[in-house]
Amino acid sequence: MRVLSGITPSGECHLGNYLGAIRQHVALQSAGEAIYFIADYHSLTSVRDGDERRRLVREVALDYLACGLDPGSAVLYRQSDLPETCELAWILTTVTPMGLLQRAHSYKDKVAQGLKPDHGLFAYPVLMAADILQYNAGVVPVGQDQKQHLEMTRDIATHFNQTYGCQVFVLPEPRILEDVGVVPGVDGRKMSKSYDNTLRMFWPEKRLQKAVMAIVTDSTPVEAPKDTGQTLFQLWSLFATKAERDALFERAKAGGLGYGDVKKDLYARLLAHFGPMRERREALAMRPGEVEDVLADGVRRARALMAPVLEAAREAAGLGRAR
């Protein structure tokens with residue numbers, strides 16, 4: 001099984017990234033051939049500072065390695081180190097219907113949030129399709145919010161295969177952790193860098209504690225029953241066993257449980273869960289050359305895997321000399 005996914009370096013990784021993506025990626029690296037990339041081409045639509053982009057790429061690489069990604073088992077590379085992806089994106093653009101891109105929820109949402117509706121933002125799904133299809137990956141682990149992009153990738157692959165009467169591209173299947181779904185931010189909306197409502201697992205302890213204590217709750221007094229559907233309980237549940245959830249929810253519904261106590265326990269659980277990862281990350285940050293070596297080896301291996309697929313697409317489309 002070949003697994004492929006990427007993460008855009010538009011800000012430091014947070015709990016939503018970890019639970020919806022990084023955790024899956026680390027678990028899947030032993031299940032087959034795993035390829036992961038840091039999507040700095042994609043970040044061009046949101047990050048407009050070159051030095052900041054390079055810093056964010058390093059931060060994402062550190063996060064992945066700290067969370068357990070083994071470069072001996074999985075491929076990890078920087079997207080822009082493989083410019084051949086952009087060639088394939090152009091090939092795919094020529095068979096992608098405008099109507100397909102106009103239906104993209106992500107494009108509509110970002111424009112509604114105030115992002116400039118440039119061509120890069122509009123054509124984002126085609127570059128994402130190239131990222132995936134260049135490896136003929138069978139499984140693509142994504143968050144629920146990326147499910148439509150996977151469906152669009154399948155549509156684009158089908159258009160190319162039908163246009164040129166061949167089966168160059170495999171139709172990938174999404175892999176979504178249904179028990180995680182959308183991770184809420186501290187304000188109750190989806191956890192997102194654009195909303196500035198994140199909890200970042202590698203923040204300094206005091207900053208993380210302050211963010212946890214700021215999680216929005218209602219004004220129900222301590223002695224009254226609590227609504228366990230609130231953001232605080234959703235976040236706490238992500239780091240608790242079923243038995244622990246059942247016990248705490250029972251206490252909350254009976255009354256007498258304060259939100260402050262739940263927040264303090266959530267903070268303690270975050271420190272315990274990410275403690276070993278925090279230590280690994282701090283050690284790796286002191287060895288930047290080692291991280292760059294991982295990315296350089298990753299793109300070398302990635303290029304060897306994607307070259308036959310790109311060549312098949314070029315041959316089908318009649319590009320270059322005939323074989």
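What comes next concerns the included structure. (Residues numbered from 1 in each chain as written. Predicted model: local features only at pLDDT ≥ 70, side-chain atom pairs only at ≥ 80, totals over all residues. Heavy atoms only, no water.)

## Overview of the packing of helix α3 (residues 84–93) against helix α12 (residues 288–317)
Moving on, step 1. Two numbers describe how α3 lies on α12: the axes approach to 11 Å, and their chain directions differ by 30°. By the criterion of interaxial angle, the relationship of α3 to α12 is roughly parallel. Crossing of α3 against α12: the hand is left-handed. Only Arg-303, Met-306, Leu-310, Ala-313 and Arg-314 of α12 make contact with α3, whose side of the interface consists of Glu-84, Glu-87, Leu-88 and Ile-91. (Axes fitted to C-alpha atoms, helices over the stretch in contact; angles between N-to-C directions. Helix = DSSP H or I, 4+ residues; strand = E, 2+ residues; numbered from the N terminus. Parallel < 35°, antiparallel > 145°, perpendicular 65-115°, else oblique. Left-handed = near helix turned anticlockwise from the far one by under 90°. Contact = heavy atoms within 4.5 Å.)

## Here's the deal with helix α6 (residues 119–133)
Moving on, step 1. Over its 15 residues, α6 extends 21 Å from the first C-alpha to the last, a length consistent with the 21 Å expected when each residue adds 1.5 Å.
Moving on, step 2. Pro-125 marks where α6 bends most, by close to 40°.
Moving on, step 3. When you tally the buried positions in α6, you get 13 out of 15 residues, the bulk of the element.
Moving on, step 4. Two or three places before Gly-120, at the start of α6, stands the capping residue Asp-118, its side-chain oxygen 3.3 Å from that residue's backbone nitrogen. (Expected span 1.5 Å × (residues − 1). Bend = angle between axes of the 7 residues up to and from the residue. Buried < 20%, exposed > 50% of the residue type's maximum accessible area, 1.4 Å probe, protein only. Polar contact = N/O pair within 3.5 Å; in protein donor to acceptor, adjacent residues only side chain to side chain.)

## Section: the packing of aromatic side chains
Moving on, step 1. Applying the stated criterion across every chain, the model contains 10 aromatic pairs.
Moving on, step 2. When the centroid spacing of 4.9 Å and the interplanar angle of 70° are considered together, the rings of Tyr-18 and Phe-274 count as edge-to-face. Placement of the pair is Tyr-18 in helix α1 (residues 15–28) and Phe-274 in helix α11 (residues 259–285), with a sequence separation of 256 residues.
Moving on, step 3. For Tyr-18, a relative accessible area of 6% translates into the label buried.
Moving on, step 4. Overall, Phe-274 belongs to the buried group, its relative accessible area being 1%.
Moving on, step 5. Looking at Arg-189, its charged tip hangs above the ring of Tyr-195, at a distance of 4.1 Å from the centre.
Moving on, step 6. Geometry around Tyr-259 places Lys-226 over its ring, the cationic atom sitting 5.6 Å from the centre. (Phe/Tyr/Trp six-rings, centres within 6.5 Å; stacked < 30°, edge-to-face > 60°. Lys NZ or Arg CZ within 6 Å of the ring centre and 35° of its normal.)

## A closer look at unusual backbone geometry
Moving on, step 1. In the Ramachandran plot, Asn-136 falls in the positive-phi region, its phi being about 50° despite a non-glycine side chain.
Moving on, step 2. You can call Asn-136 partly exposed: its relative accessible area is 23%.
Moving on, step 3. In this structure, Asp-196 takes a positive phi of about 55° despite not being glycine.
Moving on, step 4. In this structure, Asp-196 sits in the loop between β5 (173–175) and α8 (205–213).

## Description of the layout of surface pockets
Moving on, step 1. Its boundaries defined by the atoms lining it, the largest pocket holds a volume of some 1,400 Å³.
Moving on, step 2. If you trace the largest pocket, you find 49 residues lining it, with Asn-17, Lys-110, Asp-145, Gln-146 and Lys-190 closest to the centre.
Moving on, step 3. For the lining of the largest pocket, the elements supplying multiple residues, two or more each, are β1 (2–7), α1, α5 (105–112), α6, β4 (139–141) and α7 (147–163).
Moving on, step 4. For the lining of the largest pocket, the residue count by class is 19 nonpolar, 24 polar and six charged.
Moving on, step 5. Put simply, the second largest pocket is a space of about 270 Å³.
Moving on, step 6. What lines the second largest pocket is a set of 14 residues, and nearest its centre among them are Ala-89, Gly-120, Ala-123, Tyr-124 and Leu-127.
Moving on, step 7. Where the lining of the second largest pocket is concerned, the elements lending two or more residues are α3 and α6.
Moving on, step 8. Ranked by residue count, the leading element in the lining of the second largest pocket is α6, at six residues.
Moving on, step 9. Partitioning the lining of the second largest pocket into residue classes produces nine nonpolar, five polar and no charged. (1 Å grid on protein atoms, 1.4 Å probe; cavity = no way out; pocket = protein on both sides within 12 Å on 5 of 7 lines; lining within 4 Å. Points joined across faces, edges and corners; volume = space filled by probe spheres on them. Nonpolar A, V, L, I, M, F, W, Y, C, P; charged D, E, K, R; others polar.)

By themselves these figures say nothing about function.
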